[in-house]
Amino acid sequence: MADFINALIVLANFILVPALTYGSQLALGALGVTLVYGVLRFSNFAHGEMMAFGTMITIFGTWGLQALGVSIAPLPTALLALPLGIAGAVALSLILDKTVYKYHRQRKASPVIFLIVSIGLMFFIGGLVRFIIGPGDQIFFDGTRFIFSARDFKRATGLDEGLALKMTQAVTIITAIIVVAAMFWFLNKTRTGKSMRAFSDNENLALLSGINPDRVVMITWILVGALATIAGTLYGLDKSFKPFSFMQLLLPIFAAAIVGGVGNPLGAIAGGYVIAFSEIAVTFAYKKVVTYLGPDSFQPDSLVQLLGTDYKIAVSFIILVIVLIVRPTGIFSGKTL
């Protein structure tokens with residue numbers, strides 16, 4: 001019985017908790033992509049770099065607060081600087097919309113044109129971020145590292161394996177729950193949210209109903225900027241901030257949005273967790289788990305690993321291809337905002 005519990009703890013420590021954390025980050029990122037697709041009707045490839053930009057502003061704010069001696073220990077100081085990062089990302093989003101996207105929107109450009117424009121902006125924002133903060137890793141987490149460590153867990157339970165919970169993991173999961181709940185409340189209960197949903201369902205009918213399209217677009221970019229900054233900051237706190245990593249994060253984010261159903265907020269959230277659990281479960285080495293569950297003195301020679309960790313991003317691509325073949329409209333198809 002003890003071996004079975006130890007095996008479960010190994011799975012919880014290296015799959016369940018990390019996947020919940022990573023899935024929360026992907027869900028928030030995919031939610032921003034879904035809002036742009038659902039309301040503005042194009043795939044925003046610049047979303048990953050927008051996450052990097054908002055996170056960069058948050059880092060500068062964190063450094064400023066730390067220099068002033070401001071802290072909310074045991075929580076990370078970055079949570080205090082998060083509103084500054086959101087303001088920066090929202091400002092950039094609105095500026096780019098006014099100077100770039102609005103031009104093509106007034107000319108009724110096709111979604112392909114918007115996609116190409118967003119790719120151009122992706123490189124522009126990415127270059128801007130790397131020029132300002134540099135291409136290297138930035139560690140900006142402070143506060144208590146662990147809520148409880150594996151050593152404390154083993155001491156309290158007497159088991160061979162320990163379960164650890166990092167502060168960044170708890171903050172990520174709790175923040176994601178709060179943000180997702182607030183987003184669904186906004187979209188379903190407020191007048192502005194209902195206007196966005198009506199605009200998403202039928203733009204012409206929404207215009208005839210007196211809905212101001214410019215206001216809907218502005219609110220959409222505000223929400224997208226906020227979601228991008230929150231997702232990017234949580235990812236940076238949990239891992240580290242390296243600008244180029246956010247471009248790589250774009251594939252699992254889009255995979256999450258497509259797997260769940262493009263344009264569906266609920267699907268984006270579900271897709272984020274599907275991608276996260278798949279990536280981590282497929283690349284995890286199950287040697288210790290098999291050792292605990294197998295016969296006495298049995299120990300496999302290999303790592304019992306389906307794919308190496310270097311192929312983690314390939315898992316997202318494989319899942320994306322399978323979903324596009326089997327169910328192109330995603331898990332939660334047929335319903336948008």
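What you see is a predicted model, and the numbers here were worked out from it, not measured in a lab. (Residues numbered from 1 in each chain as written. Predicted model: local features only at pLDDT ≥ 70, side-chain atom pairs only at ≥ 80, totals over all residues. Heavy atoms only, no water.)

*Asks:* It is not clear to me how the layout of surface pockets should be interpreted in this structure. Could you clarify?
*Replies:* Volume-wise, the largest pocket comes out at about 720 Å³. As for the largest pocket, its lining consists of 25 residues, and the residues nearest its centre are P18, Y22, K239, I280 and K312. Sorting the residues of the lining of the largest pocket by element identifies α1 (2-40), α9 (213-238), α10 (243-248), α12 (265-283) and α14 (312-326) as the ones contributing at least two each. Broken down by element, the residue count for the lining of the largest pocket peaks at five residues, all from α1. (1 Å grid on protein atoms, 1.4 Å probe; cavity = no way out; pocket = protein on both sides within 12 Å on 5 of 7 lines; lining within 4 Å. Points joined across faces, edges and corners; volume = space filled by probe spheres on them. Helix = DSSP H or I, 4+ residues; strand = E, 2+ residues; numbered from the N terminus.)

*Asks:* When you look at the side chain of T220 in this model, what are you seeing that I'm missing?
*Replies:* Along the chain, T220 falls in helix α9. With relative accessibility at 0%, the residue T220 sits in the buried group. With near-sequence residues (within four places) excluded, T220 lies in contact with L35, V39, L40 and M196. (Buried < 20%, exposed > 50% of the residue type's maximum accessible area, 1.4 Å probe, protein only. Contact = heavy atoms within 4.5 Å.)

*Asks:* Explain a nonpolar patch on the surface to me, please; I cannot follow it from the model alone.
*Replies:* A cluster of nonpolar side chains, F317, I318, V321, I322, I325 and V326, forms an exposed patch at the surface whose accessible area comes to about 590 Å². Positionally, I318 belongs in helix α14. (Patch = residues over 30% accessible without salt bridge, like charges linked within 9 Å, V, L, I, M, F, W, Y side chains within 5 Å. Areas by Shrake-Rupley, 256 points an atom, 1.4 Å probe, with all protein chains shown as cover. Salt bridge = Lys/Arg side-chain N within 4 Å of Asp/Glu carboxyl O.)

*Asks:* Whenever I open this one, the environment of S118 confuses me. Can you help?
*Replies:* Inspection of the secondary structure puts S118 in helix α4 (residues 111-133). When the C-alpha positions of S118 and I15 are compared, they lie 34 Å apart, and in sequence the two are 103 residues distant. In this structure, S118 is in contact with F42, S43, N44, F45, A46 and Y101, ignoring residues within four places of it in sequence.

*Asks:* Help me out: how do you make sense of the packing of aromatic side chains in this one?
*Replies:* On inspection of all chains with the given rule, the structure shows 10 aromatic pairs. With a centroid separation of 6.0 Å and an interplanar angle of 20°, the aromatic rings of F14 and F284 are classed as stacked. With F14 in helix α1 and F284 in the loop between α12 and α13 (287-293), this pair connects stretches of sequence that are 270 residues apart. Classification of F284 as buried rests on a relative accessible area of 13%. A ring pair is formed by F42 and F114, whose centres lie 5.2 Å apart and whose planes are at 25°; its orientation type is stacked. Here F114 lies in helix α4 and F42 lies in the loop between α1 and α2 (47-67), a separation of 72 residues in the sequence. (Phe/Tyr/Trp six-rings, centres within 6.5 Å; stacked < 30°, edge-to-face > 60°.)

*Asks:* Which parts of the structure should I look at to understand unusual backbone geometry?
*Replies:* Excluding glycine, residues mostly have negative phi values, and the peptide bonds linking residues are mostly trans. Each neighbour pair has its own omega, and for A73 with P74 the value is 15°, a cis peptide bond. Tracing the backbone through its elements, the reader meets P74 in the loop between α2 and α3 (78-106). With phi around 55°, K108 is a residue other than glycine that occupies positive phi space. For K108, the location among the structural elements is in the loop between α3 and α4. Take K108: its relative accessible area is 67%, and that puts it in the exposed class.

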